[in-house]
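Residue-level listing of the chains:
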Amino acid sequence: VALARARAAVPFPVGVPSALGPPDRVFLDTALGDPVVWLAYRPRPGLPRAGETGVGLLVAQLAGRAGPLVEKAAGPGTTITRLTVGGDPALWLAGDPHGFAYLPPSGAPRFDARDRLAANVLLVDRADGVLVRLEGRIGRAAAARIAASLR
């Protein structure tokens, strides 16, 4: 969909990382009721192709919180590091591919069985109630820089 259409269809602000510019593709997923906006960036220098997705970077934005569910969804080969991005709490998940669980506004935990296993992921629990999820074959510092540039 067009970015403007995705923004109009969701009850939360959708940002674009100024560090990357406009996305190559925008997807609006409403299949499970809680909308998710996905920004996809093609592989390029600094954004190597991820085998799990075939793209350089995926940036998802949704209403929700990561909380302790992420730690329960990650297997023993996944490391979880707590950090702060733009003043908001964040989690960096790296290592073995892992699933994704979160709490939408309804409060019922969500673990989408359709989700494929993910590459490195940065989750940012923003103060405005938006959960930002960056996924790709990039390092923690690059992911944090990109997430902090969301506008």
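These remarks concern the structure in this document. Note that the structure is a prediction, hence the values are computed from the model and not measured. (Residues numbered from 1 in each chain as written. Predicted model: local features only at pLDDT ≥ 70, side-chain atom pairs only at ≥ 80, totals over all residues. Heavy atoms only, no water.)

Here the focus is the pairing of strand S3 (residues 57–63). The element S3 is largely enclosed, with a buried count of seven among its seven residues. What you see with S3 is no split at all: Leu-57, Val-59, Gln-61 and Ala-63 on one side and Leu-58, Ala-60 and Leu-62 on the other are buried throughout. As defined by bridge partners, strand S2 (residues 36–41) adjoins S3 across six bridges and the pair is classed as antiparallel. Its bridge partner lying in S3, Trp-38 is registered against Ala-60. Across seven bridges, the pairing between S3 and strand S9 (residues 130–136) is antiparallel. Each bridged residue has a counterpart across the sheet, and for Ala-63 the counterpart in S9 is Val-130. (Buried < 20%, exposed > 50% of the residue type's maximum accessible area, 1.4 Å probe, protein only. Helix = DSSP H or I, 4+ residues; strand = E, 2+ residues; numbered from the N terminus. Pairing = 2+ DSSP bridges.)

It is worth spelling out the pattern of salt bridges at this point. Taken as a whole and judged by the stated rule, the model has six salt bridges. As a salt-bridge pair, Asp-24 and Arg-42 come within 3.6 Å of each other at their nearest N and O atoms. With Asp-24 in the loop between helix H1 (3–9) and strand S1 (25–29) and Arg-42 in the loop between S2 and S3, the pair connects residues that are 18 residues apart, well separated along the chain. Of the residues examined, Arg-42 reaches a relative accessible area of 47% and is grouped as partly exposed. Glu-52 serves as the salt-bridge partner of Arg-137, at 2.2 Å between the closest nitrogen and oxygen. Linking Arg-137 in the loop between S9 and helix H3 (140–148) with Glu-52 in the loop between S2 and S3, this pair joins segments that are 85 residues apart in sequence. The partly exposed category is assigned to Glu-52, whose relative accessible area is 25%. (Salt bridge = Lys/Arg side-chain N within 4 Å of Asp/Glu carboxyl O.)

Turning to H3, its buried residues number three or more, namely Ala-143, Ala-144, Ile-146 and Ala-147. An end-on view of H3 places all buried positions within 165 degrees of arc, on one side of the element. Summarising the contacts, the buried residues of H3 are in contact with S3, strand S4 (78–85), strand S5 (88–95), strand S8 (120–125) and S9. (Arc of directions from axis to C-beta. Contact = heavy atoms within 4.5 Å.)

The buried fraction of S5 amounts to six of the eight residues, a majority that puts the element mostly inside the structure. Bridge count between S4 and S5: eight bridges; the pairing is antiparallel. Residue pairing for S5: Thr-79 is matched across the bridge by Ala-94. Where S5 lies against S8, four bridges are found, and the strand directions are antiparallel. Along S8, the bridge assignment pairs Leu-91 with Leu-123.

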